[in-house]
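# Structural overview
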Amino acid sequence: MKSLTNRSKLVVNKQMTFMERIYLPVIAKGMLVTLKHFFRKSVTIRYPEVKRLFAAAYRGLHVLKKDENGAERCTACGLCALSCPAEAITMTAAERQPGEEHLYKEEKYASMYEINMLRCIFCGLCEEACPKEAIFLTNEELAPSVYDRKDLIFGKDKLVEKEHNPNGKVRGGGPLTERLYHG
Amino acid sequence: MTIDIIFKLILIASIFGLSLVTAMYSTLAERKFAGFFQDRLGPDRAGPYGLFQPLADGLKLLTKEEIIPESANTFLFLAGPSLAMLTACMTSAVIPWGTYIEVDGHKLPLQVADINVGILFVFGVVSLGVYGVMIGGWASNNKFSLLGAIRGASQNISYEISMGLSIIALVMITGSLSMREITDQQSGFHGMNWYVIKQPLGFLIFLICSFAETNRTPFDLPECETELVGGYHTEYSSMKLGFYLFAEYINMFISSAVMATLYFGGYNFPFMHDLGLSQNVVAMLGVGALFIKILLFIFFFMWVRWTVPRFRYDQLMRLGWQVLIPLAILNIIITGGVVLFFQ
Ligand code: SF4
Ligand code: SF4
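Residues numbered from 1 in each chain as written. Chains lettered and ligands numbered in written order. Predicted model: local features only at pLDDT ≥ 70, side-chain atom pairs only at ≥ 80, totals over all residues. Heavy atoms only, no water.

### Some thoughts on the site of ligand 1
- Taken together, H62(A), C84(A), P85(A), A86(A), I89(A), C120(A), I121(A), F122(A), C123(A), G124(A), L125(A) and C126(A) make up the full set of residues near ligand 1.
- Here the residues of the shell around ligand 1 are counted per class, giving ten nonpolar, two polar and no charged. (Near = heavy atom within 4 Å. Nonpolar A, V, L, I, M, F, W, Y, C, P; charged D, E, K, R; others polar.)

Below, the structure written as structure tokens:
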């Protein structure tokens, strides 16, 4: 019968040769191999101190971007919430008052914007849906572990970036090979 | 007289302490080396380089809940690990740790008891050790424990035979059963007249058998996790489990010491008599030399453990009965012939 993968191997009941049957030469060979590994540099990344960079396309924690003037880009259109398959996003819209132009880019903004990290499946559809390039999934951070499930509902305080950052975040960023670890 | 007794007490306490500390840090070394052999780091969080890890492990074992199974025989269940620990600590009494030191003109040998049948004593105590495994495994009233215990018993008995036979060849050369005398005989040729040169085959057999006697990979069938859960200590928890594991490391330390003493010159080190140092300094250096040999052996034990997979049970028995015992007898015959020839 022809196999599906071409990778199947016929089992042979091979008798051990005399050299193999006295064990010691093969054991000595094996011990040389392990000794080589003993002096090899370990591949461990010492986690909390050293973190491994995620792949450029990694979908991690969300960020709500600001524009070059430091104003929030989100206009509370609700498209991200609509596109979200996990129904993780909820928001309340508000109208921008005169004098708040430096805070909000558009005339309408989200006064409350929450992502439930327990529901989110990090699919990135919100990012794709957003017409204002306001929401992105970073490739730097994961949703943290917490003691209380309530702490995993992220509001604007956690989502909005602190100041305008033109190249920070944004997936598909810098090449991964340059610097594998940062710590 | 009093100085002798006081010295003996100090010696006993320090040897006891030393074997415990060595065993303690063997557990750390084992995990560290396992890491290195597998391109990892091993435990390194408790203290610098993970040096406090044994303390943390011990504390953890002490504070764990103690469970004695309802259907277990309580007395024997407790006797098992105690016996394992006791026999593990007893052997160190006859091992000569160094020549002697001189205090006020008193000659104080660095050995607790120089009995003239030292090797026999070691063998007796080592064979007692299997009772710890047996009793513990039987008293647990658990099939896995019982199977592990039976395996341990049959394995120890099989390998003790070839171990004893390999020693007989050695005794034929030395003409003595006293550990100290055997060590002293190896001090010739600038302290390098080691018996491993005269008895390479005997040493090899002894080495293989000591792997079996200490229940270490590739002969760790009594506690093989893949088939028997935990083997004879499946039902044990808390410090009783700790005693079993700890006894294994003390056993390893002691067998390393026995091998170093019988075959690798014990406290003899190259050029020990040519340096012109005072007796006390030479004695101390000798203790150091013995410990270096012991540590190298312990490293070897671990090196083998992280290289060789476990033997199958039938392979183990075949190796013991059909290979090692005939080889050991052959070794005796050859040794006898050579001894006769040179007489
Ligand atoms: S990543 Fe996917 S699941 Fe998470 S909020 Fe965006 S759309 Fe919803
Ligand atoms: S993040 Fe984008 S898609 Fe979502 S409400 Fe704001 S502007 Fe609309």
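### Some points on the pattern of salt bridges
- Within the structure shown, the criterion is met by twelve salt bridges over all chains.
- A salt bridge links E72(A) to K156(A); the nearest nitrogen and oxygen atoms lie 2.9 Å apart. Separated by 84 residues along the polypeptide, E72(A) in the loop between β2 (62-64) and α3 (79-83) and K156(A) in helix α5 (residues 156-159) bring together distant segments of the chain. Judged on exposure class, the residue E72(A) and its partner K156(A) are both buried.
- Ionic pairing is found between D57(B) and R31(B), a salt bridge with its closest N-O pair at 3.0 Å. In this pair, D57(B) sits in helix α2 (residues 53-63) while R31(B) sits in helix α1 (residues 2-37), placing the two residues 26 residues apart along the sequence.
- When its relative accessible area of 23% is taken as the criterion, D57(B) is described as partly exposed. (Salt bridge = Lys/Arg side-chain N within 4 Å of Asp/Glu carboxyl O. Helix = DSSP H or I, 4+ residues; strand = E, 2+ residues; numbered from the N terminus. Buried < 20%, exposed > 50% of the residue type's maximum accessible area, 1.4 Å probe, protein only.)

### Regarding unusual backbone geometry
All names here are of chain B.
- Residues other than glycine seldom take positive phi values, yet N141 does so here, at roughly 60°.
- In this fold, N141 is placed in the loop between α4 (118-139) and α5 (143-174).
- Even without being glycine, N215 reaches a positive phi, approximately 55°.
- Examined against the element boundaries, N215 turns out to sit in the loop between α9 (200-213) and α10 (225-228).

### A short note on the side chain of K240(B)
All names here are of chain B.
- Relative to the assigned elements, K240 resides in helix α11 (residues 238-263).
- Given a relative accessible area of 8%, K240 falls into the buried group.
- Within polar-contact distance, the side chain of K240 engages the side chain of E66 at 2.6 Å.
- With sequence-adjacent residues up to four places away left out, K240 is seen in contact with E66, I67, I68, F77, L78 and P81. (Polar contact = N/O pair within 3.5 Å; in protein donor to acceptor, adjacent residues only side chain to side chain. Contact = heavy atoms within 4.5 Å.)

### Side note on helix α3 (residues 74-90) of chain B
Residues and elements named next belong to chain B.
- Relative to the 24 Å expected for 17 residues at 1.5 Å per residue, α3 spans 25 Å between its end C-alpha atoms, a close match to the ideal helical length.
- Listed in full, the buried residues belonging to α3 are F77, G80, P81, A84, M85, T87, A88 and C89.
- Where α3 is buried, its residues meet α1, α4 and α11. (Expected span 1.5 Å × (residues − 1).)

### Remarks on the environment of E30(B)
Residues and elements named next belong to chain B.
- For E30, the position within the fold is in helix α1.
- Residues E30 and E227, spaced 197 residues apart in sequence, show a C-alpha to C-alpha distance of 22 Å.
- Within polar-contact distance, the side chain of E30 engages the side chain of R305 at 3.0 Å.

### Some points on the packing of α9(B) against α11(B)
All names here are of chain B.
- Their axes nearest at 11 Å, the elements α9 and α11 cross at an angle of 175°. The angle between the axes of α9 and α11 places the two elements in the roughly antiparallel class. Within the contact between the two elements, α9 uses G202, F203, F206, L207 and S210 and α11 uses S255, V258, M259, L262 and Y263.
- Here the contact of α9 with α11 is composed, by residue class, of seven nonpolar, three polar and no charged. (Axes fitted to C-alpha atoms, helices over the stretch in contact; angles between N-to-C directions. Parallel < 35°, antiparallel > 145°, perpendicular 65-115°, else oblique.)

### A word on the confidence of the model for chain A
All names here are of chain A.
- Per-chain confidence: chain A averages 81 in pLDDT, with 89% of residues scoring 70 or above.
- When pLDDT is averaged over each element of chain A, α3 comes out on top at 93 and strand β7 (residues 181-182) at the bottom at 41.
- Taken together, the stretch residues 169-183 has pLDDT below 50 and engages in 33 contacts with residues farther than four places along the chain or on a different chain. (pLDDT = per-residue confidence, 0-100.)

### Here's the deal with the environment of G132(B)
Residues and elements named next belong to chain B.
- Along the chain, G132 turns up in helix α4.
- The class for G132 is buried, based on a relative accessible area of 0%.
- Measuring from C-alpha to C-alpha, the distance between G132 and Y232 comes to 9.7 Å, with 100 residues separating the pair along the chain.

### Quick notes on the packing of aromatic side chains
- Under the criterion given, the structure shown has 29 aromatic pairs over all chains.
- Ring geometry for Y104(A) versus Y109(A): centroids 3.6 Å apart, planes at 10°, classification stacked. Taken individually, Y104(A) and Y109(A) each receive the classification buried, so the pair is uniform in this respect.
- The interplanar angle of 0° and the centroid separation of 4.1 Å between the aromatic rings of F77(B) and Y236(B) together place this pair among those described as stacked. Residue F77(B) is located in helix α3, and its partner Y236(B) is located in the loop between α10 and α11; the two are separated by 159 residues in the primary sequence.
- Assessed through its relative accessible area of 5%, Y236(B) is described here as buried.
- Every member of this aromatic cluster is reached through a ring pair, and the members are F38(A), F39(A), F33(B), F36(B), F37(B), F211(B), F299(B), F300(B), F301(B) and W303(B). (Phe/Tyr/Trp six-rings, centres within 6.5 Å; stacked < 30°, edge-to-face > 60°.)

### Side note on the interface of chain A and chain B
- Contact with chain A, which involves 16 residues of that partner, is made by 20 residues of chain B.
- Approximately 1600 Å² of surface area, both sides summed, lies buried where chain A meets chain B, with 66% of it carried by carbon and sulfur atoms.
- When the area that chain A buries against chain B is broken down by residue, the three leading residues are Y23(A), M31(A) and F38(A), summing to 37%.
- D44(B) is the partner of R46(A) in a salt bridge, and the nearest nitrogen-oxygen pair spans 2.6 Å.
- Run the count over chain A and chain B and you get seven residue pairs in polar contact (both at pLDDT 80 or more). (Buried area = accessible area lost by both parts, 1.4 Å probe.)

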